[in-house]
Amino acid sequence: MSIITIHCRLTAPKPIRRQLWYLMAERNTPLICELIKRVSQHSDFGIWQRRGSIPKKAVMDLCTPLREIYPGQPGRFYASAILMVLYTYESWLAIQQNLRRRIDGKQRWLDVVKSDRESIELSGSSLDVIKRRAQDILSELNTEQSTQSAPNANLQIWENMSIVY
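A short tour of the structure in this document, coming up. (Residues numbered from 1 in each chain as written. Predicted model: local features only at pLDDT ≥ 70, side-chain atom pairs only at ≥ 80, totals over all residues. Heavy atoms only, no water.)

According to the stated counting rule, one finds three salt bridges in the structure shown. Glu34 is paired through a salt bridge with Arg38; the nearest N and O atoms lie 3.0 Å apart. Here Glu34 pairs with Arg38, and both are found in helix 1 (residues 14-40), just four residues apart, close to one helical turn. With a closest N to O distance of 3.2 Å, Asp61 and Lys57 form a salt bridge. Here Lys57 and Asp61 lie together in helix 3 (residues 56-69), a separation of four residues that amounts to about one turn. Classification of Lys57 by relative accessible area gives exposed; the value is 57%. (Salt bridge = Lys/Arg side-chain N within 4 Å of Asp/Glu carboxyl O. Helix = DSSP H or I, 4+ residues; strand = E, 2+ residues; numbered from the N terminus. Buried < 20%, exposed > 50% of the residue type's maximum accessible area, 1.4 Å probe, protein only.)

Bringing a nonpolar patch on the surface into the picture now. A cluster of nonpolar residues, Leu20, Trp21 and Met24, forms a patch on the protein surface that exposes about 320 Å² of accessible area. Tracing the sequence through the fold places Leu20 in helix 1. (Patch = residues over 30% accessible without salt bridge, like charges linked within 9 Å, V, L, I, M, F, W, Y side chains within 5 Å. Areas by Shrake-Rupley, 256 points an atom, 1.4 Å probe, with all protein chains shown as cover.)

On to helix 4 (residues 75-123). Between its first and last C-alpha atoms helix 4 spans 70 Å; for 49 residues at 1.5 Å apiece the expected length is 72 Å, and the two agree. If you check which residues of helix 4 are buried, you get Phe77, Tyr78, Ala81, Ile82, Val85, Leu86, Tyr89 and Leu93. Buried-residue contacts for helix 4 involve helix 1, helix 2 (45-51) and helix 3. At the C-terminal side of helix 4, Gly124 shows a positive phi close to 75°. (Expected span 1.5 Å × (residues − 1). Contact = heavy atoms within 4.5 Å.)

The next point concerns the layout of surface pockets. Its volume calculated, the largest pocket comes out at about 150 Å³. As for the largest pocket, its lining consists of Gly46, Gln49, Arg50, Gln96, Gln97, Leu99 and Arg100. Elements represented by at least two residues in the lining of the largest pocket include exactly helix 2 and helix 4. Broken down by element, the lining of the largest pocket gets its largest block of residues, four residues, from helix 4. Looking at the lining of the largest pocket, its residues break down into one nonpolar, four polar and two charged. (1 Å grid on protein atoms, 1.4 Å probe; cavity = no way out; pocket = protein on both sides within 12 Å on 5 of 7 lines; lining within 4 Å. Points joined across faces, edges and corners; volume = space filled by probe spheres on them. Nonpolar A, V, L, I, M, F, W, Y, C, P; charged D, E, K, R; others polar.)

Here it is, written out as structure tokens:
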């Protein structure tokens, strides 16, 4: 995502610039802060957090009563506040989901390790005994495979000899 910065020069008269500053600093910023606070206190916030996104309609519904507390703003200021809150939470929730996935992966790994420890405790054996038994089983499998593959190995030798002649 690229961000384009536009530089502009305000040539409006000083009273208009003062009014615009008042709207942004004294009305819109507190509106955004209050809206962020109300979204975090919403009863469905846990569901939104797990899903990773907040519905725009819910933020708009939360903003409606705040229009009475912060009146006199142009409609695009309210729309901007809604979009700012959505953008802020969506980026935060994406980071939270990434962290949640990492924690879940580590938890699965710990569950596997814990199940190994529990199986050692349930078997009543030590880890060395289990390792030796596993080596015995693997060596038995290897000897079975070598005896089964021996005729094939002899066949390979005969095929190679015919190629030489």
